[in-house]
Every structure is written in structure tokens, then in C-alpha cells.
Amino acid sequence: MPLSPLSERNDFSAVIIRTDFTDEAAWRRVTAQLESSSHHHRDLRKHYVVIDSPELAHADTDTILTALSARKDLNGRISVVFVADSATMRAAHHALLAIRTLTRKDLGDDTHEVVVGFGREFRTVPGAVNEIHANLQLANMNFEDFSSVAREDSEGVFRAELSTVD
């Protein structure tokens, strides 16, 4: 799987993986929302890295996690990726699928058992990607904090700002 742009990212760049290529207008709306929420308007590469390759079309969560785990240079460095899949492109809110990438090996047995109860994925609006990613990188919050808020939403989508990151 082509994940070469990941070698160019810094630790505070969220990873967006595009798996649906059927609606360019919807994709432009998603990226516009990502860009408008960036704290780094002058250099969007500091905000996020897009894996935008047709070879990833229709890749599911397991395929994405397998490809990420094969990259030894990324072990434990990316705790979440955001996937623009067919549900993202069809929904009016364009919610991305946030996928927890840390494994039992990364977290340890006890911690893994606690977090597995919250699931490994939830949906989030593009405007919240930076908030989620930055808070996870800084360890201000954990994946479960965000996924539990998404569960409470009528559509299962994280929309709110829980905190601000400078």
C-alpha cells in the first residue's frame, strides 16, 4: 500500500487516508473543511498529510491497520488516522472515520483491555481532526474521550470542541 507521504509528516500532522474516489466535489468540500480548521494556514503540511492514492480505493479498517503496522518507522508514532471513505463522501457532514492505530503491543495488556471497550473507530467532522489529533499527540486526552462523545451524538459523530490546543 502506498504510504510514502507519511515519511514527510511531523508528529503533529494528522494523517488523512482517502479510500473513496467517486465524488471529487465532496472530496474538495472535505479538504476545504480540513484547511479551514488548520492552525497552520500558511503551511498546511504542518496540519495534515493526505494519502491520496487510487490503490487504496475501498480499503477497510483492517487493511489500513495492516499497512500501517508494516511500516517499522511508524511504530507507536501515529495513534490515530482519519479515513475519507464512501460514508464520508455521501454524508452532508462529511464525517471521517477516526481509527485508533495503537495495538496491544503499543499500549500494554492492561491499557489495551480498557480501551478496547470503547472500540477502535468513530466518526468525526473534518473540522475536529486537528483537535483530536493534537490532543492525542500531547496526551491531553485519549481516544476514548472522543469516541464516547461521538457515541452520545444522534448520528454517532464527534462534532464538539472538548478543549483547545494552542
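Colleague: For the overall build of the chain, give the residues involved together with the corresponding values.
Modeller: A count of helical and extended segments in the chain gives seven helices and six strands. In sequence order, the secondary structure elements of the chain are arranged as β-α-β-α-β-α-β-α-α-β-α-α-β. Counting across all 166 residues of the chain, residues that qualify as buried make up 47%. Taking the contacts inside the chain whose residues are at least 6 apart along the sequence as the reference set, 70% of them involve residues at least 24 apart. Surface accessibility of the chain: about 8400 Å² in total, with carbon and sulfur atoms responsible for 49%.

Colleague: How would you sum up the pattern of salt bridges? Please name residues and give values.
Modeller: According to the stated counting rule, one finds six salt bridges in the structure shown. Of the charged contacts, one joins Asp-52 and Arg-18 as a salt bridge, the two residues approaching to 3.3 Å between their closest N and O atoms. Of this pair, Asp-52 sits in the loop between β2 (48–51) and α2 (61–69) while Arg-18 sits in strand β1 (residues 14–18), placing them 34 residues apart in sequence. Between Glu-155 and Arg-159 there is a salt bridge, with its nearest N and O atoms 2.6 Å apart.

Colleague: Go over unusual backbone geometry with me, naming the residues and quoting the values.
Modeller: Keep in mind that most residues, glycine aside, have a negative phi and that most peptide bonds are trans. Phi angles above zero are rare outside glycine, and His-58 is one such case at about 65°. Structurally, His-58 is set in the loop between β2 and α2. Located in the positive-phi region is Ala-139, a residue other than glycine, with phi close to 60°. Counting through the fold element by element, Ala-139 comes out in the loop between α6 (129–137) and α7 (143–152). For Ala-139, a relative accessible area of 63% gives the class exposed.

Cut-offs applied
- All residue numbers here refer to positions counted from 1 along the written sequence of the relevant chain.
- Local features are withheld for residues below a pLDDT of 70 in this predicted model, meaning they are given only at 70 or higher, and side-chain atom pairs are given and counted only at 80 or more; totals for whole chains, interfaces and linings count all residues.
- Calculation of side-chain values draws on the structure's entire complement of heavy atoms; hydrogens and water are dropped beforehand.
- Each helix is a run of DSSP H or I of at least 4 residues and each strand a run of E of at least 2, with the numbering of both proceeding from the N terminus.
- Relative accessibility under 20% of the residue-type maximum defines a buried residue, over 50% an exposed one, and the middle range a partly exposed one, all with a 1.4 Å probe and only protein chains included.
- A contact between two residues is defined here by any heavy atoms of the two lying within 4.5 Å.
- Method for areas: the Shrake-Rupley scheme with a 1.4 Å probe, in which residue coverage is limited to the protein chains shown.
- A side-chain nitrogen of Lys or Arg and a carboxyl oxygen of Asp or Glu constitute a salt bridge if their distance falls within 4 Å.

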